[in-house]
Amino acid sequence: MIPDMLIRTAAVPPFFKNGYLVACETTKQAVLIDPGDEVDALLDEASSMGVTIAAILLTHAHLDHVTGVARAKSATNAPVWLHKDDLFLYNGVVEQGRMFGMRVSAQPPIDHFFTEGRALTFGDYVVDVHHTPGHCPGGVCLAIGPADSAERQLFVGDTLFAGSIGRTDLPGGDMDTLLNSIRTVLFSFPDDAQVLSGHGPVTTVGEEKRSNPFLT
Ligand SMILES: [Zn+2]
Ligand SMILES: [Zn+2]
C-alpha cells in the first residue's frame, strides 16, 4: 500500500466491473479509472472526499468500462484518455451494447491518446502507461505511484484477474499476445505490487506468478 494514496472502488450489475477513484490526499487531485454503470457512486465519493477529478483514464474500451464516461465528463469536465488502438471499440460502443442485448448511449469524444512511456501526473502521483494488448488491441496497464518513488499500484483492466486472465474471444483479442503482455509487462513489477483488476478482488504480482493456473 502506498501511504497517502486513496483508492475507492465500486461495481454494480450486470457486469460487476470495478471503477476506481484514485486520489492524492495531500493535493486533493484525483483520477477516475474506467467509469461504467457505477459512476455515480464514484462521483459521490469524490465529492464527499473533497477531491477534484483531473482526468478520466480508460484501461480499454469494452462497454462495461466506458458507459459512465459521458456522466463523468459532464460532472467533471476532465479530459478522457484512451489508447488509440481501442478507438474502434470506443466508437462502436452502441454496437457493443447490441451484442449484449443492451441499449448503450454513444460516449463523448476521446480527448487524448496515451503514449507508451509518457507518464501523466496528478497531485503528487505519476501514472506510467504500459501497453498490454491481448484482451483487446488497446489495453493498457496504468501503474500509479508517488513521483519520488518506484512503488506502483497496477490498474490492469481486464488483462489479469485474481486467479484468471482476460477473455480473448472478443474483436481484436489474442491469447498469445495476452500472455506475453502479462509475462513481459505485468510480471516485471515486484512481487508485492498490488494488481487492481477490472473485475473481482485485489491481488498481487507475486500471488498470480505463484498460483494463477493460466500462468504457472
Ligand atoms: Zn474488457
Ligand atoms: Zn470488463
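Now for a quick tour of the structure. Every value quoted in this text rests on a predicted model; they were computed, and no experiment measured them. (Residues numbered from 1 in each chain as written. Chains lettered and ligands numbered in written order. Predicted model: local features only at pLDDT ≥ 70, side-chain atom pairs only at ≥ 80, totals over all residues. Heavy atoms only, no water.)

1. Some remarks on the overall build of the protein
The secondary structure content of the protein amounts to 6 helices and 14 strands. On C-alpha atoms alone, the protein measures out to a radius of gyration of 16 Å, which is about the 17 Å that the 2.2 N^0.38 rule sets for 216 residues. Principal axes of the C-alpha set define a box for the protein whose edges measure 45 × 45 × 30 Å. For the protein, the residues scored as buried account for 53% of the 216 residues in total. Here the contacts in the protein between residues at least 6 apart in sequence split such that 59% fall between residues at least 24 apart. Each charge class in the protein was averaged separately, 14 positive and 26 negative side chains, and the resulting centres sit 3 Å apart. (Helix = DSSP H or I, 4+ residues; strand = E, 2+ residues; numbered from the N terminus. Rg over C-alpha atoms; globule rule 2.2 N^0.38 Å. Buried < 20%, exposed > 50% of the residue type's maximum accessible area, 1.4 Å probe, protein only. Contact = heavy atoms within 4.5 Å. Lys, Arg positive; Asp, Glu negative; His and termini not counted. Charge placed at Lys NZ, Arg CZ, Asp CG, Glu CD.)

2. A word on the coordination of the zinc ion (ligand 2)
The protein atoms donating to the zinc ion (ligand 2) are Asp 64 (OD), His 65 (NE2), Asp 158 (OD) and His 199 (NE2), with metal-donor distances spanning 2.1 to 2.3 Å. Because the angles between the 4 donor atoms bound to the zinc ion (ligand 2) fall within 89 to 157°, the donor set is best described as irregular. In primary sequence terms, the donor set of the zinc ion (ligand 2) follows D-H-x92-D-x40-H. A spacing of 3.6 Å is found between the zinc ion (ligand 2) and the zinc ion (ligand 1), which share Asp 158 as a donor. (Donors = N, O, S within 2.8 Å, 3.2 Å for Na, K, Ca; no water. Tetrahedral: all angles 85-135°; square planar, octahedral: opposite > 155°, others 65-115°.)

3. Quick notes on the packing of helix α1 (residues 39-49) against helix α2 (residues 69-76)
Axis separation between α1 and α2 bottoms out at 9 Å; the angle between their running directions is 25°. In terms of axis orientation, α1 runs roughly parallel to α2. Seen along the crossing, α1 lies across α2 with a hand that is right-handed. Here α1 contributes Val 39, Asp 40 and Leu 43 to the contact with α2, which in turn contributes Arg 71, Ala 72, Ala 75 and Thr 76. Its residues assigned to classes, the contact of α1 with α2 comprises 4 nonpolar, 1 polar and 2 charged. (Axes fitted to C-alpha atoms, helices over the stretch in contact; angles between N-to-C directions. Parallel < 35°, antiparallel > 145°, perpendicular 65-115°, else oblique. Left-handed = near helix turned anticlockwise from the far one by under 90°. Nonpolar A, V, L, I, M, F, W, Y, C, P; charged D, E, K, R; others polar.)

4. Describing the packing of aromatic side chains
Within this structure, the stated rule accounts for 4 aromatic pairs. Plain terms: the ring middles of Trp 81 and Phe 114 are 5.8 Å apart, the flat faces sit at 25° to each other, and that makes the pair stacked. On the criterion of sequence distance, the pair formed by Trp 81 in strand β5 (residues 80-82) and Phe 114 in the loop between β6 (112-113) and β7 (120-122) is long-range, its members being 33 residues apart. On the numbers, 5.7 Å between centres and 40° between planes, the contact of Phe 122 with Tyr 125 is tilted. (Phe/Tyr/Trp six-rings, centres within 6.5 Å; stacked < 30°, edge-to-face > 60°.)

5. Quick look at the coordination of the zinc ion (ligand 1)
Only His 60 (NE2), His 62 (ND1), His 135 (NE2) and Asp 158 (OD) from the protein coordinate the zinc ion (ligand 1), and they sit 2.1 to 2.4 Å from it. In this structure, the zinc ion (ligand 1) is coordinated by 4 donor atoms arranged in irregular fashion, with angles at the metal of 85 to 169°.

6. Overview of the pattern of salt bridges
Scanning all chains against the criterion turns up 10 salt bridges. Of the charged contacts in the structure, one is a salt bridge between Asp 85 and Lys 84, with a shortest N-O distance of 3.5 Å. The exposure class assigned to Asp 85 is partly exposed, which follows from its relative accessible area of 30%. (Salt bridge = Lys/Arg side-chain N within 4 Å of Asp/Glu carboxyl O.)

7. Focus on the sheet that holds strand β4 (residues 52-57)
Strand order in the open sheet made by the 6 strands is β1-β2-β3-β4-β5-β6, with mixed pairing throughout. Strands with a single pairing partner mark the edges of an open sheet, and in this sheet they are β1 (5-10) and β6. The pairing of strand β3 (residues 29-33) with β4 spans 5 bridges and is classified as parallel. When the sheet's bridge partners are listed, Gln 29 is paired in β4 with Thr 52. Taken strand by strand, α2 contacts β3, β4 and β5, and its axis lies near 150° from that of β4. (Pairing = 2+ DSSP bridges.)

So yeah, pure geometry; function would need other evidence.
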